[in-house]
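# Observations on the model geometry
Chain by chain, the residues run as shown.
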Amino acid sequence: ASTIITNTQPAGTYDWEVEYFDSNPITNPVPLDPSQMGAGLQAVSEYEYWRVNGPGSGTSPLQIRWDAYSLLPAMTTDRPNNIKMVEWITNQWEIVTPGTVADGGVNSGTITSDNSLDLAGDHYFTIGSTEATPLPAAGFLTVDTAICNGATIGLRVQLTGYPNWTIYVWDG
C-alpha cells in the first residue's frame, strides 16, 4: 500500500521502516482498538493500518492512501471534510491535524499531513472519519471476484454500518 515520506529530517542516510497491514489494528501485538477514539472522531478503520518507524529525531510529512478495500471512505459522504489521518497516541486514535485530503472517490484518495510529524520509533496510523453516521457499506473479502459464464465462485462479503440491512441477490 502506497505510503509517502518526504523531506525527512535529520538530513543524511538513515533507515526508515514503513509497514502496511490489511487487517484490523486490534490484531496488532500492541492492540490498537478502533473503538478507542479521541475528540471529534466517529469511526476508525477496522480494515487497515500502517506502522512507521523513523530514526531518532526523525520527522517527515506523511501520506497514506485508500482504495476499494478500505471501506471507511465509501461510508463517508463528505470525504474532503470528514476523512482524517489518525495516529494511535497512548491509548486511543487521535486526528493528525492539519491534513489535506485528495479525494479520488470512494475507491481512491490520499491524506497528507500538512506538517512534519515526529516519527522516531514506532508510530501507527490509519483512516478515521468525523462524520456522525457513517453510511452502510459492503465490501468483498474475496480478492478474486471475477466470474466467467457458467462458472461459480464463493464470495465472502462484510457488511458495515448500522444493522438493518436488506440483502438482494440476483442473477444477471
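Located above this text is the structure these notes cover.
Residues numbered from 1 in each chain as written. Predicted model: local features only at pLDDT ≥ 70, side-chain atom pairs only at ≥ 80, totals over all residues. Heavy atoms only, no water.

## Re the pairing of strand β12 (residues 121–129)
Of all the 9 residues making up β12, 7 are buried; the element is thus mostly covered by neighbouring parts of the structure. Sheet topology note: the strand β3 (residues 43–44)/β12 ladder contains 2 bridges and is antiparallel. Looking at β12, one finds that Val44 is bridged to Gly128. As paired strands, strand β4 (residues 49–54) and β12 are joined by 5 bridges and run antiparallel to one another. What sits directly across from Val52, in β12, is His123. Pairing analysis gives 5 bridges linking strand β7 (residues 83–89) to β12, with the strands arranged antiparallel. Looking at the pairing, Ile83 lines up with Ser129 of β12. (Buried < 20%, exposed > 50% of the residue type's maximum accessible area, 1.4 Å probe, protein only. Helix = DSSP H or I, 4+ residues; strand = E, 2+ residues; numbered from the N terminus. Pairing = 2+ DSSP bridges.)

## Some remarks on the pattern of salt bridges
Under the criterion given, the structure shown has 6 salt bridges. Residue Glu17 is joined to Arg51 by a salt bridge in which the shortest nitrogen-to-oxygen separation is 2.8 Å. Of this pair, Glu17 sits in strand β2 (residues 17–21) while Arg51 sits in strand β4, and the two are 34 residues apart along the sequence. On the basis of relative accessible area, Arg51 is assigned to the buried category, the value being 12%. Three or more residues joined by partner-sharing salt bridges are found here, namely Glu17, Glu19, Arg51 and Asp122. (Salt bridge = Lys/Arg side-chain N within 4 Å of Asp/Glu carboxyl O.)

## Quick word on the packing of aromatic side chains
Each aromatic ring pair is characterised by the separation of its centres together with the angle its planes make. For the coordinates displayed, the defined rule picks out 4 aromatic pairs. Ring centres of Phe21 and Tyr49 lie 4.6 Å apart, and the angle between their planes is 15 degrees; this geometry places the pair in the stacked category. Remark: Tyr49 occurs in strand β4 and Phe21 occurs in strand β2; sequence separation between them is 28 residues. Between Tyr49 and Tyr124, the ring centres sit 6.4 Å apart and the planes meet at 45 degrees, which makes this aromatic pair tilted. Here Tyr49, found in strand β4, pairs with Tyr124, found in strand β12; they are 75 residues apart in sequence, far enough to count as distant. You'll find Tyr49 and Tyr124 in the same group, each marked buried. Among the aromatic residues, ring-to-ring pairing joins Phe21, Tyr49 and Tyr124 into one connected group. (Phe/Tyr/Trp six-rings, centres within 6.5 Å; stacked < 30°, edge-to-face > 60°.)

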